[in-house]
Amino acid sequence: MENRLKEFKTLTDTLYAKNHLLGVMIFDGETIAPIASADARSKSMSVINEEIFKLLTSPSSQELINYLYEKRSSLDEITQRELTLIKRSLKLLKNMPMNEYVEYQSLLNKAQVVWSQAKKANDYEMFKPYLEKIIEYNKKIAAYYAPEKEPYDALLEMYEYGMSMADYDPFFDEMQKQIVPTLKEISNKPLPEYKFLSMPFSIEKQKILSDRIMDLMGLDRTCCSITESEHPFTTGFNKWDLRITTHYYENMFESSLYSVIHEGGHAMYEMGIDDKYQFTNIAGGASLGMHESQSRFYENIIGRSKAFMSLLHPIICDIFPEQMKGVSEETLYKALNLVHPSLIRIEADELSYSLHILIRYEIEKMLISGELNVDEAPKYWNKLYKDYLGVDVPDYRSGILQDIHWAGGSIGYFPTYALGSAYGAQMLAKMNESFDINKDITENKIQNIHKWLNKNIHVHGSMYDPKKIISMACKEEFNPQYYFDYLNNKFKDIYEI
Ligand code: ZN
């Protein structure tokens, strides 16, 4: 057994190292690498990807993993969990023929290029055949992954273990019933104007703001760096090497401000994972939804709260005295919580954000079940935007072609964004039972919130499934009602309805 465990350690260390290398290459490509480097990088990356695939699926690795998995009850808890997670990640790979896997990867590579051109040209017809093929492939993938499940259920589980339509259907139904009417009421009121938001904020000074915000959050800069990219993201290789990115816009300073807080929340999660899980597949957030719960907790629940304005307002006034002339804490709060139903998901406010996800959930579900085909999809997309957000979609670019997810093969991913927000609201309710979080924020004791999240969420990494982490942290099952109440209370108060 001793020797077999050593072999397993060599296997997991090799996988870690190869993924580390891939991660650095992706980060490099998204940040400082020159544009012309893309082809060569993609060539090297496909070699490494193939090595990973072969290493994981080789008969000797399979034999080793199966041998240890059968004997798992005699192994320590960490190895047991590592084996469970590796078995799960193999569920698709070992059933999918290598040639189909390679063909699918090359379809996705092409689809992303075509999507980007189609979006620019506002030409849905150009992307449609790719979308159709991706949907067909995803149905096959679902059958390889979990033939016993409904295809969309299988896909949902690949992005959020333990979640299915049986969980998401009531969640999104209630969201529609409880959030759409509030949004309509707010939309009927005249849209307030906050001129200072569109004033120029120098990018050099915005960089100073990023540093001050990271300090305020308590992000350890020896383990977390910040740089710029087209779209903000976080990547991490272990708890001592986290990298967040942002994008500065001179006339939209709040965009980078909240990107830094959001990505900082992702980094906080990874930095808080127990040392004993590092370099295993347990290091890393429990799921996409759990990760979003942390980034959105910092971004929205803390970062857009009234209490946080007492910390944020003096910092912004200090760095941008001209632009902030006459802007009170109250005005800043209202401006940063402006509700404005829009066409674009990534520009959405906190209240309407999840409705963009609801629309994608309904469409994905119907595309996979066959109730909707790719010809009718844009019309249905536009109809749902009118029904839920009250907006008319003028073109494909700001409609069905806006997100890269489907072009990248990710069907079933979107719902995790809304789920993360709902997880966060439930954590907030639980936290407020043991201390007053608004009071702590006002008194600059954000560390107390961080400690709660660390102890109840971060430290576990992927040691438990997301549903279990929620029930351990909140002492009850996942309940999205906290989220709807949180949104309704907050925005009905701001808009006095
Ligand atoms: Zn995120």
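Above: the structure in question.
Draft legend 1. Representation of the layout of surface pockets. For the second largest pocket, the calculated volume is near 240 Å³. Contributing to the lining of the second largest pocket are 14 residues, with S305, K306, N438, Y486 and K490 lying nearest its centre. For the lining of the second largest pocket, the element with the highest residue contribution is helix 20 (residues 481–494), accounting for four residues. Within the lining of the second largest pocket, the residues separate by chemical class into six nonpolar, four polar and four charged.

Draft legend 2. Spatial organisation of the packing of aromatic side chains. In this structure the tally under the stated criterion is 25 aromatic pairs. The structure contains a cluster of three or more aromatic residues connected by ring pairs, namely Y152, Y168, F171, F172, Y361, Y423, F478, Y483 and F484. The ring of Y69 carries R72 above its face, with NZ or CZ at 3.9 Å from the centroid. Lying across the ring of Y137, K140 places its NZ or CZ 4.9 Å from the centre.

Draft legend 3. A look at the packing of helix 10 (residues 253–271) against helix 12 (residues 306–319). Contact geometry for helix 10 and helix 12: axes closest at 14 Å, N-to-C directions at 125 degrees. Relative to helix 12, the element helix 10 lies oblique. For the pair helix 10 and helix 12, the crossing hand works out as right-handed. Where helix 10 approaches helix 12, its residues F253, L257, Y258 and I261 are matched on the opposing element by F308, M309, L312 and I316. Counted by class, the contact of helix 10 with helix 12 contains eight nonpolar, no polar and no charged residues.

Draft legend 4. A look at unusual backbone geometry. Non-glycine residue F279 carries a positive phi angle of around 70 degrees. Topologically, F279 is positioned in the loop between helix 10 and helix 11 (288–302). Given the relative accessible area of 38%, F279 is considered partly exposed. Here the phi dihedral of K475 falls at roughly 55 degrees; this positive angle occurs in a residue that is not glycine. When you line up the elements, K475 lands in the loop between helix 19 (466–474) and helix 20. The exposure class of K475 is exposed, given its relative accessible area of 62%.

Draft legend 5. Geometry of helix 18 (residues 446–456). Every buried residue of helix 18 is accounted for by I446, I449, H450, W452, L453 and N456. The buried residues of helix 18 all sit within an arc of 160 degrees when viewed along its axis, so they share a single face. The exposed set on the far side of helix 18, more than 90 degrees from its buried face, consists of K451 and K455.

Draft legend 6. Highlighting the packing of helix 1 (residues 2–30) against helix 4 (residues 77–93). Across the interface, helix 1 lies against helix 4 with an axial gap of 13 Å and an inter-helix angle of 55 degrees. As summarised for this structure, helix 1 and helix 4 are arranged oblique, according to the angle between their axes. The chirality of how helix 1 crosses helix 4 is left-handed. Along the contact surface, helix 1 presents L5, F8, T12 and L15, while helix 4 presents T79, E82, L83 and I86. In terms of residue class, the contact of helix 1 with helix 4 is built from five nonpolar, two polar and one charged.

Scoring rules and cut-offs
Residues numbered from 1 in each chain as written. Predicted model: local features only at pLDDT ≥ 70, side-chain atom pairs only at ≥ 80, totals over all residues. Heavy atoms only, no water. 1 Å grid on protein atoms, 1.4 Å probe; cavity = no way out; pocket = protein on both sides within 12 Å on 5 of 7 lines; lining within 4 Å. Points joined across faces, edges and corners; volume = space filled by probe spheres on them. Helix = DSSP H or I, 4+ residues; strand = E, 2+ residues; numbered from the N terminus. Nonpolar A, V, L, I, M, F, W, Y, C, P; charged D, E, K, R; others polar. Phe/Tyr/Trp six-rings, centres within 6.5 Å; stacked < 30°, edge-to-face > 60°. Lys NZ or Arg CZ within 6 Å of the ring centre and 35° of its normal. Axes fitted to C-alpha atoms, helices over the stretch in contact; angles between N-to-C directions. Parallel < 35°, antiparallel > 145°, perpendicular 65-115°, else oblique. Left-handed = near helix turned anticlockwise from the far one by under 90°. Contact = heavy atoms within 4.5 Å. Buried < 20%, exposed > 50% of the residue type's maximum accessible area, 1.4 Å probe, protein only. Arc of directions from axis to C-beta.

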